[in-house]
Amino acid sequence: MPADPTPHGATAAGAGAPASLGKGAAPQRLAQAALRDVPWEVGVAKPDAAIVVDDVTRTFGGLTAVAVDHLEIQRGGITGLIGPNGAGKTTLFNLLTGFDQPDSGTWSFNGRPLGKLSPHRVSRLGVVRTFQLTKALSRLTVLQNMLLGAQGQKGEGFFRALVPGVWRSQERENTEKALELLRRFKLDAKKDDFAGTLSGGQRKLLEMARALMTDPEVVMLDEPMAGVNPALTQSLLGHVKDLREQGMTVIFVEHDMDVVRDISDWVVVMASGKVIAEGPPESISQNQAVVDAYLGAHHDAPLTVDEEDRVLAEAERSIAQEEGTGGDVIDPERRPRHGGQR
Ligand SMILES: Nc1ncnc2c1ncn2[C@@H]1O[C@H](COP(=O)(O)OP(=O)(O)OP(=O)(O)O)[C@@H](O)[C@H]1O
Ligand SMILES: [Mg+2]
């Protein structure tokens, strides 16, 4: 049963806040309090859902990659999306953000259907995502990468081109915003460096910063910590929590259960394309369906070099197609951090 859509722009401190916590309460407490009485059941309604998914399926040949009956994502909280390799997490992100089309199903953001919209339109409406394999353009500078993230924010191409004054002031605004975000993510000293010279962790930071250029309401992060060294992991975690502080809704794919427990207000578990469990982090490890899914998934089997090369080549091809770059793309996770759990 979908929750009533909430007006655009509502945050954790707004419509979804329980009456017992005042508006001054920290977003984390608000998000957790809002979810406190929600039953730990697959497909359960949330008090204030930003995203609602219904009957979404995606098959590849004979394989069902995603088959989600009903899923609601609470506004203003951090939802951890977990599941063994191949569970369908990335495919679900691709579908929700317009990077892939489902075989069937509908989904909405603030009550507005998002099906059939391009990634660009989805991001302009306020839903952005980052990629498991980072999509920074190596031969552009850090700042240029940021400005790409702002594309189409205001004054779409045609009109913008007709009115250079508007175009220039927009560009100035975007540059200021990009520099401010780069400062926040401690990348400002690198603004004129080619993105190709950044470390894997810095690219993850750049991608997160770039996603924020459009002032999103919902941010979907696909393994933002993968391939990042421990020092930067803490900083990335802090940035993810900051998004919630600022009232954003975060959906976050992560394999490390300590991180998931630390950061999530709610956890959704996928296996074989389906949501098999959801609840607060403490509910998940005792859930028999979750234990079975992980045990049955051989998720510790390491990737062979051939498999890894194949996965990377596929990813590079699809990224190059999306970006039209002819392959000028960084692929920092030569080895996935989660120990070859693919
Ligand atoms: N473009 C594609 N063509 C064929 N099969 C695909 C394609 N994309 C995904 N799949 C398959 O769909 C299933 C779900 O993949 P997906 O990448 O969504 O899983 P995931 O949960 O993100 O896994 P991981 O934790 O390893 O990132 C897998 O079996 C995968 O091989
Ligand atoms: Mg994935």
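Preceding this section is the structure that the text describes.
Here is what the cut-offs are and how they apply
Residues numbered from 1 in each chain as written. Chains lettered and ligands numbered in written order. Predicted model: local features only at pLDDT ≥ 70, side-chain atom pairs only at ≥ 80, totals over all residues. Heavy atoms only, no water. Helix = DSSP H or I, 4+ residues; strand = E, 2+ residues; numbered from the N terminus. Buried < 20%, exposed > 50% of the residue type's maximum accessible area, 1.4 Å probe, protein only. Contact = heavy atoms within 4.5 Å. Core = buried A, V, L, I, M, F, W, Y, C linked by side-chain atoms within 4.5 Å. Domains from an automatic or database assignment. Donors = N, O, S within 2.8 Å, 3.2 Å for Na, K, Ca; no water. Phe/Tyr/Trp six-rings, centres within 6.5 Å; stacked < 30°, edge-to-face > 60°. Lys NZ or Arg CZ within 6 Å of the ring centre and 35° of its normal. Near = heavy atom within 4 Å. Polar contact = N/O pair within 3.5 Å; in protein donor to acceptor, adjacent residues only side chain to side chain. Areas by Shrake-Rupley, 256 points an atom, 1.4 Å probe, with all protein chains shown as cover. Nonpolar A, V, L, I, M, F, W, Y, C, P; charged D, E, K, R; others polar. Salt bridge = Lys/Arg side-chain N within 4 Å of Asp/Glu carboxyl O.

Visitor: Before we go on, may I ask you to explain the environment of Val 275 in this structure?
Guide: Structurally, Val 275 is set in strand β10 (residues 274-279). Judged by relative accessible area, which is 10%, Val 275 ranks as buried. Spatially, the C-alpha atoms of Val 275 and Gly 83 are 9.1 Å apart, while their sequence positions differ by 192 residues. Excluding anything up to four places from it in sequence, Val 275 contacts Val 42, Val 68, Val 268, Val 269 and Met 270.

Visitor: I'm lost on the nonpolar core in this one. Help?
Guide: A general tendency of soluble globular proteins is for nonpolar side chains to be buried together. Counting residues in hydrophobic clusters, the biggest one holds 35 residues, and the most contacted among them are Met 146, Phe 185, Leu 206, Leu 221, Val 240, Leu 243 and Phe 252. Only α4 (142-149), α6 (164-184), α7 (200-211), β7 (218-222), α8 (230-245), β8 (249-253) and α9 (257-263) provide two or more residues apiece to this core. Among the domains, domain 1 (1-136 + 215-300) and domain 2 (138-197) are the pair contributing at least three residues each to this core. Those residues in contact with Leu 221 that lie beyond four places of it in its chain are Phe 93, Thr 130, Met 208, Val 240, Leu 243, Val 250, Ile 251, Phe 252 and Val 253. With 32 residues, the next largest nonpolar core counts Ala 50, Ile 51, Ile 251 and Met 270 among its residues.

Visitor: Got a minute to help me understand the coordination of the magnesium ion (ligand 2) in this structure?
Guide: Ideal values for angles at a metal depend on the geometry: 109.5 degrees with four tetrahedral donors, 90 or 180 degrees with six octahedral donors. In this structure, Thr 90 (OG1) and Gln 132 (OE1) serve as the protein donors to the magnesium ion (ligand 2), at separations of 2.0 to 2.2 Å. Linking Thr 90 in helix α2 (residues 89-96) with Gln 132 in the loop between β6 (127-129) and α4, this pair joins segments that are 42 residues apart in sequence.

Visitor: Any chance you could explain the packing of aromatic side chains here in plain terms?
Guide: Here the distance between the centres and the angle between the planes together describe a pair of aromatic rings. Taken as a whole and assessed by the stated rule, the structure comprises one aromatic pair. Note that Arg 129 overlies the ring of Phe 131, its terminal NZ or CZ placed 4.0 Å from the centroid.

Visitor: It is not clear to me how the site of ligand 1 should be interpreted in this structure. Could you clarify?
Guide: Lining the immediate environment of ligand 1, one finds 15 residues, of which Gly 86, Lys 89, Thr 90, Thr 91 and Gln 132 sit closest. At 3.0 Å, a backbone N or O of Gly 88 approaches an oxygen atom of ligand 1. One of the side-chain nitrogen or oxygen atoms of His 255 is found 3.0 Å away from an oxygen atom of ligand 1. Protein chains bury 68% of the 630 Å² of accessible surface belonging to ligand 1 in isolation. For the shell around ligand 1, the secondary-structure elements that each account for two or more residues are β2 (63-74) and α2. Ranked by residue count, the leading element in the shell around ligand 1 is α2, at three residues. Tallied by class, residues from the shell around ligand 1 come to five nonpolar, seven polar and three charged.

Visitor: When you look at the pattern of salt bridges in this model, what are you seeing that I'm missing?
Guide: Pairing of side chains with opposite charge becomes possible as their charged atoms draw close. Under the defined criterion, the tally for this structure stands at eight salt bridges. Salt-bridge contacts for Lys 46 lead to Glu 278; the nearest nitrogen and oxygen are separated by 2.7 Å. Of this pair, Lys 46 sits in the loop between α1 (27-35) and β1 (49-60) while Glu 278 sits in strand β10; the two residues are 232 residues apart in sequence, bridging distant segments of the chain. For Lys 46, a relative accessible area of 3% puts it in the buried group. Here Arg 261 and Asp 258 are joined by a salt bridge, their closest N and O atoms 3.1 Å apart. With Arg 261 and Asp 258 both in helix α9 and three residues apart, the pair spans about one turn of that helix.

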